[in-house]
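Results of the structural survey
As a plain string of letters, each chain reads:
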Amino acid sequence: MMSLKDALVDAADDARVYDVTDRAVRVVQRRRTLTRLVPVAAALLVVAGLVGVAWPLSNGGGQEPSTAADGLPRQLTLDRSAPVLPEDRGVGPAALAFLYDDGDQGRWALLAADGRQYKVDGLRVDGMSPDGRWLLVLRSEGSWVLRDLTGTARQEFAGVDTSAGASWSPDSRRLVVQTSSRSGVTYTVDLTTGARSTAPPDLPRTARVCAVRNSGELLLCPLPESSFSGLRLADGTTGRIIRDIPTTDLGLRPTETLPESFGAPILDTDDRTLFMRTHDAADPGSAVGQNTFLVGFDLETGRLTHRYPLPDDIPGAQRPSNGGFEHGQPDARYVLGVHPEGPLLLHLTPSETDPFHVGSVTIELITRDTGTLHTVTHASSPIGLIRYPG
C-alpha cells in the first residue's frame, strides 16, 4: 500500500504528462492515476508507544453520514461550473480540498467555508493551514505557491522535489517548509507577518521536520539512514536538540510497530498530542493493514493517552500485469487530520463495477471520549481523494 504523499506525487507526475502528450496517452494515464488513488493520509513515524485507555470502535463508516461535524459538509458533490480560484481577491478560508476525475486528468478543487467551490490552478494541493486561511499548491515547474485565501498575499518556494514536506503549527501562525528532505532548504514562515527565515543549520541532516509546535519547537523524524530510532524535539531558532524520545520510550506493546507506509505523525489541536497509526503483529498471520490502532502520545508527559482500535483493511483485487500483479483499491482507512471533536479518517472502498478504481469516499470521525466511529461526510463521484486543513 502506498502513502497519501506517494499517491499525490504520482497524480502530479501524470498531470505533467497530460500537458505534453496526445489524448490517447492521457486516457491511459488517467486509468493508471485513478487506480492509484489509494491515499494514506496516515499517522506513523519511526517511533512507538502506548499504554493508555482503549475504546472499541463501532464498525460504522457506512455510505451515508451518521452524524454532523462542525465545518464539514454531510454531502460533498462536485460543482462542475465552479470558477478557477481567483488570485486578485480573497475567497475566505477553506473547509477542505479534493481531487476529482476531470475526464482527461485529475484536477483539484477547493471547498470554501462558505460552501462555494473553486478549481485550483496547479498540479497538487499540498496543504492548508489548520484555520483554512493559507493554501499550499505545487505548480508544474516544481515550485510551491503559498497564498492567503482571505486576501492576495503569496510566497513561492523553488526547487521542490518528491521528498519535500510542509508542517503547520496548530495555531496556524507558523509554517515550516522543506523543499527536499536531504538536499533542499528548510524555511520557517511567520504567517502573521509574512517574515521568512532559513531554518538553523544545526538541524540533523539525518532527520526531517514532521511537525511544528505553536512555540516554534520542531518535531524531527529520522530518515532511513539515521542511526537514531525515535523522535526528537529541537529548538526552532538554534536547531539545538531539546529532547530525544527513543522508540522504546513511546510505550508501545512489544509486538507493536509503526510501518513507514502509514505516513507521518499528526499533531493534535492541543499542541501536545501526537497521533500515530500502529500495527500490532501479535497475530503472525495479520497483514500490515490489520490489527491496527491510532494512538496518541503526549509530548508533555511522555505518556500514551489514547488508543483507538481501527477496523481491518480488506485487500484489493489483483490481476496479472507486465509479468507481475496490479493491485486494486483496498477497502481501507487513512488518517486524514484532526478535527476539534476528534481524529478524522478517510475511508476509501473499491468501485463495485471496477475494483481497480476508487468507489465510495467518506470522512469518518473518531469521537474523542468514546472512540465511536461516525461517518460525517460522503463524497459523490468523481471525487477520489480529500485533503483536510492542518
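Just above, that's the structure.
Residues take numbers from 1 onward in each chain, read along the sequence in its written order. This being a predicted model, a pLDDT of at least 70 is required before a residue's local features are given, and a value of 80 or more before pairs of side-chain atoms are given or counted; all residues contribute to the totals for chains, interfaces and linings. With hydrogens and water stripped out, all remaining heavy atoms of the structure feed into the side-chain values.

**Looking at the overall build of the protein**
For helices the rule is a DSSP run of H or I covering at least 4 residues; for strands it is a run of E covering at least 2, with both sets numbered from the N terminus onward. A tally of regular secondary structure across the protein gives two helices and 28 strands. For the exposure calls, accessible area comes from a 1.4 Å probe over protein chains only, and a residue counts as buried if that area is under 20% of its type's maximum, exposed if over 50%, partly exposed in between. A burial count over the protein gives 55% of its 390 residues as buried. Exposure was quantified through the Shrake-Rupley algorithm and a 1.4 Å probe, taking into account, for residues, occlusion by the shown protein chains and nothing else. Summed over its atoms, the accessible surface of the protein is roughly 16100 Å², and 50% of this surface lies on carbon and sulfur atoms.

**Notes on the state of the cysteines**
The disulfide criterion is simple: two cysteine sulfur atoms within 2.5 Å. Counted under the stated rule, the structure contains one disulfide. Bridging Cys 210 to Cys 221, the disulfide has an S-S length of 2.0 Å. Sign of the S-S torsion, about 85 degrees for the bond between Cys 210 and Cys 221, identifies this disulfide as right-handed. Of this pair, Cys 210 sits in strand S13 (residues 207-212) while Cys 221 sits in strand S14 (residues 218-222); the two residues are 11 residues apart in sequence, bridging distant segments of the chain. A relative accessible area of 9% places Cys 210 in the buried class. On the accessibility criterion, Cys 221 (1% relative accessible area) is buried.

**Topic: the pairing of S14**
For S14, a buried count of five out of five residues is recorded, marking the element as mostly surrounded by other parts of the structure. Alternating positions in S14 separate into two faces, Leu 218, Leu 220 and Pro 222 on one and Leu 219 and Cys 221 on the other, with burial throughout. Here the rule is simple: two strands pair whenever DSSP picks up at least two bridges between them. As paired strands, S13 and S14 are joined by five bridges and run antiparallel to one another. By the bridge assignment for S14, Val 212 is matched with Leu 218. In sequence, S13 turns back onto S14 through a hairpin of five residues, with Gly 216 there showing a positive phi of about 95 degrees. Pairing of S14 with strand S15 (residues 230-234) involves three bridges; the strand directions are antiparallel. Paired with Leu 218 across the two strands is Ala 234, which belongs to S15.

**Some words on the pattern of salt bridges**
What makes a salt bridge here is a side-chain nitrogen of Lys or Arg within 4 Å of a carboxyl oxygen of Asp or Glu, nothing more. Per the counting criterion, the structure on display carries 17 salt bridges. Close ionic contact of Asp 313 with Arg 277 constitutes a salt bridge, the shortest N to O distance being 3.7 Å. Note that Asp 313 is positioned in the loop between strand S21 (303-309) and strand S22 (318-321) and Arg 277 in strand S19 (residues 273-280), a separation of 36 residues in sequence. Taken together, the shared-partner salt bridges in this structure form one network comprising Glu 87, Arg 139, Arg 154 and Glu 156.

**Quick notes on unusual backbone geometry**
In this chain, Ser 381 is followed by Pro 382 through a cis amide linkage whose omega measures 15 degrees. Relative to the elements of secondary structure, Pro 382 occurs in the loop between strand S27 (373-379) and strand S28 (383-387). If you check the backbone angles, Asp 271 has positive phi at about 70 degrees while not being a glycine. Within the secondary structure layout, Asp 271 lies in the loop between strand S18 (266-267) and S19. With a phi close to 55 degrees, Asn 291 is a non-glycine residue in the positive phi region. Relative to the elements of secondary structure, Asn 291 occurs in the loop between S19 and strand S20 (292-298).

**Focus: the sheet that holds strand S9 (residues 165-168)**
Strand order across the open sheet formed by four strands is S9-S10-S11-S12, with antiparallel pairing between neighbours. Of all strands in the sheet, those with a lone pairing partner are S9 and strand S12 (196-198), marking the two edges. Taking the axes of each pair of neighbouring strands and ignoring which way they run, one obtains an average angle of 20 degrees across the sheet. Relative to strand S10 (residues 174-178), S9 is paired through four bridges, and the arrangement is antiparallel. Directly across from Ala 166, in S10, lies its bridge partner Val 177. In this analysis, axes come from line fits to C-alpha atoms, helices being fitted only over the stretch in contact, and the angle between any two N-to-C directions falls in the range 0 to 180 degrees.

**Examining the sheet that holds strand S6 (residues 134-138)**
If you walk across this open sheet you meet the four strands as S5-S6-S7-S8, and the pairing is antiparallel. Single-partner strands in this sheet number two, and they are strand S5 (124-128) and strand S8 (154-157). Strand-to-strand, the axes of this sheet are offset by a mean angle of 20 degrees, without reference to chain direction. Where S6 lies against strand S7 (residues 144-148), five bridges are found, and the strand directions are antiparallel. Within S7, the position partnered with Leu 138 by the bridge is Trp 144.

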